[in-house]
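Given next are the chains, with one letter for each unit.
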Amino acid sequence: MQADLSPVIAATAQWLTRAYPAPGGALASALCEVQARQAVTVAAWLRYPTPMDAALMGMAGPGGSGRLDWITGADGAGAGDPDADAWRTWVDEVVASWAACLLTDPELAALAVAALGEDGSSAVTPAEFRRLVAPDDRDHRAAALLRHPDLLAPVADLHRAQLLDRLDPEQSLAA
């Protein structure tokens, strides 16, 4: 299943790191990318928990970055070669929104990583997602924009309610 989601994970993580770039050099960029990829991976695995879900998404397509580009004011259209931005068609808006929620709320990120292990279909350990769940000072500096709650709010708020429902379906039935 992970291989089926790899284009979505790669494209959505790339979109996040381009929309909220690392302030610094190559090391900061790498640390920012790792954090984005971890958040997107958790979000994608939660969004598409079964091979059937991933296959259906693959058939229908993830939707692309158009709305996200518009909301954030990111430059979504290249001036030159249209194939240069073809990766943007693999960006999943819901996955990006859920990843933004996880990046701005470490407690929610820990809950999401724990939820991955509860379904029994994957052997997920929190150590695999340490930079997402327990970032150190260097991680925070590298991803200052990527983890800033105010900056990510427009993206995170798009589908936050669905993420909360996914992580605690019992609570939404009682409300």
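Residues numbered from 1 in each chain as written. Predicted model: local features only at pLDDT ≥ 70, side-chain atom pairs only at ≥ 80, totals over all residues. Heavy atoms only, no water.

*Asks:* What exactly am I supposed to notice about the overall build of the protein chain here?
*Replies:* Helix and strand counts for the protein chain stand at ten helices and zero strands. Going from N to C terminus, the protein chain has its helices and strands arranged as α-α-α-α-α-α-α-α-α-α. Among the 175 residues that make up the protein chain, the fraction classed as buried is 41%. A sequence separation of at least 24 residues applies to 80% of the contacts in the protein chain between residues at least 6 apart. Carbon and sulfur atoms form 57% of the exposed surface of the protein chain, whose accessible area is close to 8800 Å². (Helix = DSSP H or I, 4+ residues; strand = E, 2+ residues; numbered from the N terminus. Buried < 20%, exposed > 50% of the residue type's maximum accessible area, 1.4 Å probe, protein only. Contact = heavy atoms within 4.5 Å. Areas by Shrake-Rupley, 256 points an atom, 1.4 Å probe, with all protein chains shown as cover.)

*Asks:* Any chance you could explain the packing of helix H5 (residues 93–104) against helix H6 (residues 106–118) here in plain terms?
*Replies:* When two helices pack together, their arrangement is given by the angle between the helix axes and the distance between those axes. At a minimum axis separation of 5 Å, H5 and H6 run at an interaxial angle of 120 degrees. The angle between H5 and H6 falls in the class oblique. The residues of H6 that touch H5, namely those facing Cys 101, Leu 102 and Thr 104, are Pro 106, Leu 108, Ala 109 and Ala 112. By residue class, the composition of the contact of H5 with H6 is six nonpolar, one polar and no charged. (Axes fitted to C-alpha atoms, helices over the stretch in contact; angles between N-to-C directions. Parallel < 35°, antiparallel > 145°, perpendicular 65-115°, else oblique. Nonpolar A, V, L, I, M, F, W, Y, C, P; charged D, E, K, R; others polar.)

*Asks:* What should I look at first to understand the side chain of Arg 147 in this one?
*Replies:* With respect to the secondary-structure elements, Arg 147 resides in the loop between helix H8 (137–142) and helix H9 (149–167). Buried within the structure, Arg 147 lacks any salt-bridge partner; Asp 139 is the closest side chain of opposite charge, at an N-O distance of 6.6 Å. A distance of 2.9 Å separates a polar side-chain atom of Arg 147 from the backbone oxygen of Leu 103. At 3.2 Å, the side chain of Arg 147 forms a polar contact with the backbone oxygen of Leu 132. If near-sequence neighbours (up to four positions away) are discounted, Arg 147 is found in contact with Gln 35, Leu 103, Thr 104, Arg 131, Leu 132, Pro 135, His 140 and Leu 152. (Lys, Arg positive; Asp, Glu negative; His and termini not counted. Salt bridge = Lys/Arg side-chain N within 4 Å of Asp/Glu carboxyl O. Polar contact = N/O pair within 3.5 Å; in protein donor to acceptor, adjacent residues only side chain to side chain.)

*Asks:* Would you explain the nonpolar core in this entry?
*Replies:* Soluble globular proteins tend to bury their nonpolar side chains together. Residues Leu 16, Val 42, Leu 46 and Leu 102 are the most contacted members of the largest nonpolar core, which totals 51 residues. Those elements that place two or more of their residues in this core are helix H1 (2–19), helix H2 (26–47), helix H3 (51–60), H5, H6 and H9. The element contributing the most residues to this core is H2, with eleven residues. When sequence neighbours within four positions are dropped, the list of residues in contact with Leu 16 reads Ala 36, Val 40, Ala 99, Leu 103 and Leu 146. (Core = buried A, V, L, I, M, F, W, Y, C linked by side-chain atoms within 4.5 Å.)

*Asks:* How should the side chain of Thr 12 be read in this particular structure?
*Replies:* Considering the arrangement of structural elements, one finds Thr 12 in helix H1. Its relative accessible area of 0% is what places Thr 12 among the buried residues. At a separation of 3.1 Å, a polar atom in the side chain of Thr 12 contacts the main-chain amide nitrogen of Asp 92. Not counting the four nearest positions on each side in its chain, Thr 12 is found in contact with Val 40, Trp 90, Val 91, Asp 92, Val 95 and Ala 96.

*Asks:* Any chance you could explain the packing of H2 against H6 here in plain terms?
*Replies:* Contact geometry for H2 and H6: axes closest at 10 Å, N-to-C directions at 45 degrees. With respect to each other, H2 and H6 are oriented oblique. The two elements H2 and H6 cross, and the hand of that crossing is left-handed. Mapping the contact onto sequence places Val 42, Trp 45 and Leu 46 in H2 and Ala 112, Val 113, Ala 115 and Leu 116 in H6. Counted by class, the contact of H2 with H6 contains seven nonpolar, no polar and no charged residues. (Left-handed = near helix turned anticlockwise from the far one by under 90°.)

*Asks:* How should I be thinking about the layout of surface pockets in this particular structure?
*Replies:* Empty pockets left among the atoms are what a rolling probe the size of a water molecule brings to light. The computed volume of the largest pocket comes to approximately 170 Å³. For the largest pocket, the lining is made up of 14 residues, of which Ala 10, Ala 13, Gln 14, Thr 17 and Glu 33 are closest to its centre. No other element matches the six residues that H1 contributes to the lining of the largest pocket. Along the lines of polarity and charge, the residues of the lining of the largest pocket split into nine nonpolar, three polar and two charged. (1 Å grid on protein atoms, 1.4 Å probe; cavity = no way out; pocket = protein on both sides within 12 Å on 5 of 7 lines; lining within 4 Å. Points joined across faces, edges and corners; volume = space filled by probe spheres on them.)

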